[in-house]
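Letter by letter, the chains look like this.
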Amino acid sequence: MDIERPLSANEGLKERSNFLRGTIANGLTRVESGALADDDTQLTKFHGFYQQDDRDLRAERGKQRMEKAFSFMVRMRVPAGILTPRQWLKVEKLALERGNGTIRLTTRETVQFHGVLKGNLQPLMQGLHEDLLDTIAACGDVNRNVIATVAPWERAHHATIATLARDLSQHLLPKTRAWHEIWIGEEKISGGVVEDEPILGRTYLPRKFKIAIALPPYNDIDVFAHDLGFIAIVQRGRIVGYNVVAGGGMGMTHGESETYPRAGTVIGFCKPQDVIDTAEKIVTVQRDHGDRSNRKHARLKYTIDDMGLERFVALVNERLAVKLAPARPFAFASTGDRTGWTQEADGTSHFTLFVENGRIRGTMLEGLHAIAALDTGRFIMTPNQNLVIADIPPAQRPQVEALLAAYGLEKPLSGLRRNAMACVALPTCGLALAESERYLPDLITRLETELERFGLSQDDITIRMTGCPNGCARPYLSEIALVGRTPGLYNLYLGGAHEGIRLNKLHRRDVDGDAIVAALSPLFGSYATERRPGEHFGDYVIRAGIVAETTAGLDFHANLSHEAGA
Amino acid sequence: MQTAPLLPSTAPFAEEHIAALNRVISVSTAEQRAWLSGYLAGLQAASGTHAATPAAPPAKRAPLTILFATESGNAEALANQARKVAAKLGFAAKVVDMADFTPAQAAASENLLVVASTWGEGDPPQRAVDFYEALMADDAPRFEKTRYAVLALGDRAYAQFCEIGRRIDERLAALGGARITDRIDCDVDFETPANGWIDATLQRLNAEVGAKDAGASVIHVDFARPGADAPTRARPFEAEITEHARLSGSRSSSDTHHVAVSLEGSGILYEPGDALGVVPSNDPALADAVLNAAGLAGDEALRNALVNRLDITTLTQKQVEDFARETGTPVPPAEWAAGRQVIDLLETAPGKLSAEQLTALLRPLPPRYYSIASSRKAVGEEAHLLVAAVRYAAHGRPRQGVASVDITARHRAGDKLKVFLRANPHFRLPADNDRPIIMVGPGTGLAPFRGFLQEREAVGAGGRNWLVFGHRNYTHDFLYQLELQDWLKSRLLTRLDVAFSRDQPEKRYVQDSLWDARADVYRWLKDGAALYVCGDANAMAKDVHAALLRILADQGRQDEAAAKAELDAIRRDGRYLRDVY
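None of these values were measured; they are calculated from a predicted model.

So, on to the UniProt feature "binding site: [4Fe-4S] cluster" (unreviewed entry) in chain A. Residues and elements named next belong to chain A. Residues given the UniProt feature "binding site: [4Fe-4S] cluster" (unreviewed entry) here are Cys423, Cys429, Cys468 and Cys472. Their sequence span is 50 residues, while the largest C-alpha to C-alpha distance among them is just 11.2 Å; these annotated residues converge on one region. Looking at the secondary structure, you find Cys429 in the loop between strand 16 (420–422) and helix 15 (440–453). The contacts of Cys429, once residues within four sequence positions are left out, are Gln52, Val424 and Gly467. Mapped onto the elements of the fold, Cys472 is located in the loop between strand 17 (463–466) and strand 18 (480–486). Setting aside anything within four residues of it in sequence, one finds Cys472 in contact with Thr107, Cys423 and Thr466.

Moving on: unusual backbone geometry. All names here are of chain A. In this structure, Pro217 follows Pro216 across a cis peptide bond, with omega equal to 10 degrees. Its place among the elements puts Pro217 in the loop between strand 7 (211–214) and strand 8 (228–235). Pro427 follows Leu426 through a cis peptide bond whose omega is 5 degrees. Here Pro427 is to be found in the loop between strand 16 and helix 15. In this structure, Asp222 takes a positive phi of about 55 degrees despite not being glycine. Of note, Asp222 is situated in the loop between strand 7 and strand 8.

Okay, the sheet that holds strand 11 (residues 340–343) of chain A next. Residue and element names in this part refer to chain A. As summarised here, the arrangement of the five strands in space is 3-14-15-12-11, forming an open sheet in which the pairing is antiparallel. In the strand order of this sheet, the two ends are held by strand 3 (82–83) and strand 11, each with one partner. Alignment of strand 14 (residues 378–381) against strand 15 (residues 387–392), held across four bridges, turns out to be antiparallel. Across the sheet, Phe379 pairs through a bridge with Ile389, a residue of strand 15.

Moving on: the confidence of the model for chain B. Here chain B averages 89 in pLDDT, while 90% of its residues score no lower than 70. The low-confidence segment residues 1–5 of chain B, where pLDDT is below 50, has 15 contacts with residues more than four positions distant or belonging to other chains.

All names here are of chain B. By secondary structure assignment, the location of Leu269 is in the loop between strand 8 (256–262) and strand 9 (275–279). A count of 12 C-beta atoms within 10 Å places Leu269 in the exposed class. Taking the C-alpha atoms as reference points, Leu269 and Ala230, 39 residues apart in sequence, are found 8.7 Å from one another.

All names here are of chain B. It is at 9 Å that the axes of helix 8 (residues 284–294) and helix 9 (residues 300–308) come closest, and there the two elements cross at 130 degrees. Considered as vectors, helix 8 and helix 9 are oriented oblique to each other. Considering how the two elements wind past one another, helix 8 and helix 9 form a crossing that is right-handed. Contact residues: Pro284, Ala287, Val290 and Leu291 in helix 8; Leu302, Arg303, Leu306 and Val307 in helix 9. Across the contact of helix 8 with helix 9, the residue classes break down as seven nonpolar, no polar and one charged.

Calculation criteria
- Residues numbered from 1 in each chain as written.
- Chains lettered and ligands numbered in written order.
- Predicted model: local features only at pLDDT ≥ 70, side-chain atom pairs only at ≥ 80, totals over all residues.
- UniProt positions renumbered as here; feature names shortened; annotations may be inferred.
- Helix = DSSP H or I, 4+ residues; strand = E, 2+ residues; numbered from the N terminus.
- Contact = placed C-beta atoms within 7 Å.
- Pairing = 2+ DSSP bridges.
- pLDDT = per-residue confidence, 0-100.
- Buried ≥ 20, exposed ≤ 12 C-beta atoms within 10 Å, placed from the backbone.
- Axes fitted to C-alpha atoms, helices over the stretch in contact; angles between N-to-C directions.
- Parallel < 35°, antiparallel > 145°, perpendicular 65-115°, else oblique.
- Left-handed = near helix turned anticlockwise from the far one by under 90°.
- Nonpolar A, V, L, I, M, F, W, Y, C, P; charged D, E, K, R; others polar.

Structure, rendered in structure tokens:
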């Protein structure tokens, strides 16, 4: 299958990087610039951060005789998204002292610090390290943060998948000591020791690799959106194993139909003790067969579609000690979070705090500080950019309730807003073509007016916006999706499944806010009157013939309606 | 009410005549005054009479030592002016910097004129500290052979007005010196009273020690000069602004501008390190507020004077007392004036002054000085200024720096600025192009060093150049960042250290950068580097000075006294130079 083509530039960079060191350490000493050397900015992703610049300021900088307003976005590695209250307080302190004063929860159950200046990178990393946290492999061509369903009320099952997430993350972590050397000041390895990356290889993976673990009926982590997913199978109160899902992925490029989002395929089942080996072998198949010449065609989804699913499964089974068994039945209900309070029989409570687009600042930051200062329970970041304050003992619930009230953190929400996500986009993301986080809340306010007219205010409908087609907010699995094309204009997608098992379909091209409202309002109206009992909006628009059903990634761009500019 | 004198109270007139003359002078133009002085001098020369005694040049030229202590260069300029006057009177006058003189040498002088400025909160100029301390010490020499007079410079806005001049004057008397005439204490508008005092004092001295022959006039007025000469404070050059660009980012807490002016045809030939004086105008809105507070709204002539000619911001204790006397209101406590301005004073008793009283209350509007941020070798007939608009609130009212806001907010490219040169001969690049230099310039203190670097680049100087810059935020306040990057790339700039105070929880300043680099600072100094400091006098320059002492002690493994001696030696060697304000 492999046609010899030149390797992408990043492959050479990785090869020459001396296990991800490059010249990063030297770049930190160059005080005249807030940036790092170009090549190093590719390597720093493996260390968990991106170089960015404030795009709101680009126009003025030249006149001011200053370079672009560079800063860094630093992403933590937090398997399963679980922090202790003490760790939360450290994260908050670092965000205030070393970042822009905000904490950004992401769809990968972690925290992003934004606006970190070059001179603050080392203190930030050291601060995290002090509290047993790190940023290793949070970005880059490696296995990213491993996420798992957030359902602390499921007690043992949640504990099991959280532990699995931690073990998977640890097992697939790069072995290089570069992070510890550069950021923590660990002594360099002495001459005799030869470093190696037995799983990832010395040029690491062809592209990013994402793993998620779902605990049905919760599909909060969107198990079909990742390179590799595990669906816990519970029988007689025990997790007896996991269905294996491979080849999911969101990213695509506008105008390049050979790039497409793909929902993962269920390829089998494995027992709990075989999960790590299964993950490792799938990673090594992707390592050896993934496309290293074209980064837009390098994710596992293309590897699978290029070689065919059967061949891929065969390759995986060849490497496995215990072959994959037939998949077992499962059922998902929703991709959303259960917001508000959940109380267990023994009185233990969990509160899911709705965080609009995951951005925590100001009053909410202060309120969470006060709650964390109680030093009770755990702080769990959800894949929907929300935050669960978990495991609150009955005795402390009144205190938490009082603080939530005092800081105004418990607010009524519409079904649409509760199920909304946006990526960061402008002003910091270098890929953004349009606004996302700064715009979606206003658009939702307009759509809420329409929903209210039709009595749909409390109906759960997923809506996701991204500033570019790369898919950080997993838009292509949403019932309604808006993907940025250019400032003010979006492509509108419809027909994703509420429970996250089906991709959506392009409905309108290049629409602005007015056109989005105009397109959706009549659909809300007919949905309100024509829907069948329990029918979700995403299913309705397919039954009503508004968009064609997308059955596989390869037909994502097919069967477009006339309005979508087919 | 006492007038703010244009003629000094020491002028040889009755008090009411001084007031009358000042009323005329205060509304006169520079040209009118030049004409008047020339006319009277000429008239007197023609009539062949002279009020004061002498003097043809003394037969044997009497020696005169003119000793100055300067920080900004004003005292030195006056000393040089005094030497000219003295030379014309026939003295064998020499001008000496206190930095290069000892009390013993001064005590050996028969005739001694001291021009001393007071700095900050009653401190001597940095380079005069050794002399001053030796003079005040118990083992100071006696001055019984010496006739002397002291001209003190200061700023009435500070509590310790002319403190250093006063103390030198008293000390010289205590050590047995004979006062030629009473000391004069000059405020920021020192030029007229100072020159009058110099003329009077030297004539008096000449009368005492000079020749017997009274014949020729001693007053020399240079009729040829006006117009043909370099611009002065009284006769500034109208320089067109060729570039006016804000350097601070839009989210900066400061508002710093790059302002380029054309000096074409001005005759101003500056050197890197020099300053450009700018004659500003007041904020018209503040002038209106002052008029309203005084109950004089509608007086256009007065308004014009308030905008263009009078200082309507700075408030001195003397003004507070004068105003209380004039209006019959009680004098507020001594600390009341701190942080307050003229408008606050007027509003304590609104509508009580006549136009004349208000005019008399106010001091003349002084110029402001900006270190030039360019080299003529790089930019031709232009001068670049780095101007940070001063804005703050005090006593419940927003306040603005007069010149900085005038230049940055009320001027644009194409407008004109009134400018003149103020040389700063003690803040120059080393004569030796190969000598390494360390430049410490946070904020607008960067200005002269941009000039230094342009100059060293233009002449191909081989010496190493190390810049230590600081400000608040890296992202929004990195002045001339791209230029500095280019200079690092071309290796003109050998090293750059930065300290941005507000980017992290622990505040960082330039002195912290110096301390962190102490081994290299010490090595550079041992290699003969000259160290320059420009910027804030009160905090930064003192903190940098303390850091240097710590570095010399730490790296030289010596005690504090030895470190101080070493830094003094470096300073006497002309390798520790400051331009602070």
